[in-house]
Amino acid sequence: MSRGKNSLGARALLRAHFLANIGRVMGAEELRLVAGNISEWARRVRELRTEEGYQILTHNDRSTLKPGEYLLESAKPQPAF
């Protein structure tokens, strides 16, 4: 299966973008574009949270975030369960 012009998968692209922007609130549109404009970008973000343990916060975690906003607070993943 071809991934187009970028050899990195969407999850790796999103991981690198979050790690390069720790503490900065990012919107859904920005993350979708970072992921290569794929429809499953949100699933890749959830995988970073659940499978890799990154503490990516949303409006469900912090009242100051609006729906569609994401924030990585720390580069250190928590143990995934």
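This is a predicted model, so every value here is computed, not measured.

So, about the overall build of the protein. Tallying secondary structure elements over the protein gives three helices and three strands in all. Expressed as a percentage of its 81 residues, the buried residues of the protein come to 32%. When contacts within the protein are restricted to residue pairs at least 6 apart in sequence, those whose partners lie at least 24 apart make up 50%. For the protein, the accessible area works out to roughly 5300 Å², and carbon and sulfur atoms hold 52% of it.

Evaluation of the coordinates by the stated rule reveals 10 salt bridges. Of the charged contacts, one joins E47 and R44 as a salt bridge, the two residues approaching to 2.9 Å between their closest N and O atoms. In this pair, E47 and R44 both sit in helix 3 (residues 41-50), three residues apart, roughly one turn of the helix. For E47, a relative accessible area of 13% gives the class buried. The residue D61 makes a salt bridge to R49 at a minimum N-O spacing of 3.0 Å. Of this pair, D61 sits in the loop between strand 2 (56-57) and strand 3 (69-72) while R49 sits in helix 3, and the two are 12 residues apart along the sequence. Note on D61: relative accessible area 41%, which makes it partly exposed. Given a relative accessible area of 29%, R49 falls into the partly exposed group. Connected through shared salt-bridge partners, R11, R15, R44, E47, E51 and E52 make up one network.

Once that is clear, we can look at the pairing of strand 3. Where a strand is regular, its side chains alternate between the two sheet faces. Side-chain alternation along strand 3 places E69 and L71 on one buried face and Y70 and L72 on a second face that is also buried. In this structure, strand 1 (residues 26-27) lies alongside strand 3, joined through two bridges in antiparallel fashion. For G27, the partnering residue across the bridge sits in strand 3 and is E69. With two bridges connecting them, strand 2 and strand 3 associate as antiparallel partners. In the strand pairing of strand 3, I56 is matched with L72.

Before going further, it helps to examine the packing of helix 1 (residues 10-20) against helix 3. Close contact between helix 1 and helix 3 brings their axes to 9 Å; oriented N to C, the two are set at 65 degrees. Like other packed secondary-structure pairs, helix 1 and helix 3 cross with a definite hand, here right-handed. Note on element contacts: helix 3 touches helix 1 through W41, R44, V45, E47 and L48, opposite A10, R11, L14, R15 and F18. Taken together, the residues of the contact of helix 1 with helix 3 sort by class into six nonpolar, no polar and four charged.

Cut-offs and rules
- Residues numbered from 1 in each chain as written.
- Predicted model: local features only at pLDDT ≥ 70, side-chain atom pairs only at ≥ 80, totals over all residues.
- Heavy atoms only, no water.
- Helix = DSSP H or I, 4+ residues; strand = E, 2+ residues; numbered from the N terminus.
- Buried < 20%, exposed > 50% of the residue type's maximum accessible area, 1.4 Å probe, protein only.
- Contact = heavy atoms within 4.5 Å.
- Areas by Shrake-Rupley, 256 points an atom, 1.4 Å probe, with all protein chains shown as cover.
- Salt bridge = Lys/Arg side-chain N within 4 Å of Asp/Glu carboxyl O.
- Pairing = 2+ DSSP bridges.
- Axes fitted to C-alpha atoms, helices over the stretch in contact; angles between N-to-C directions.
- Left-handed = near helix turned anticlockwise from the far one by under 90°.
- Nonpolar A, V, L, I, M, F, W, Y, C, P; charged D, E, K, R; others polar.

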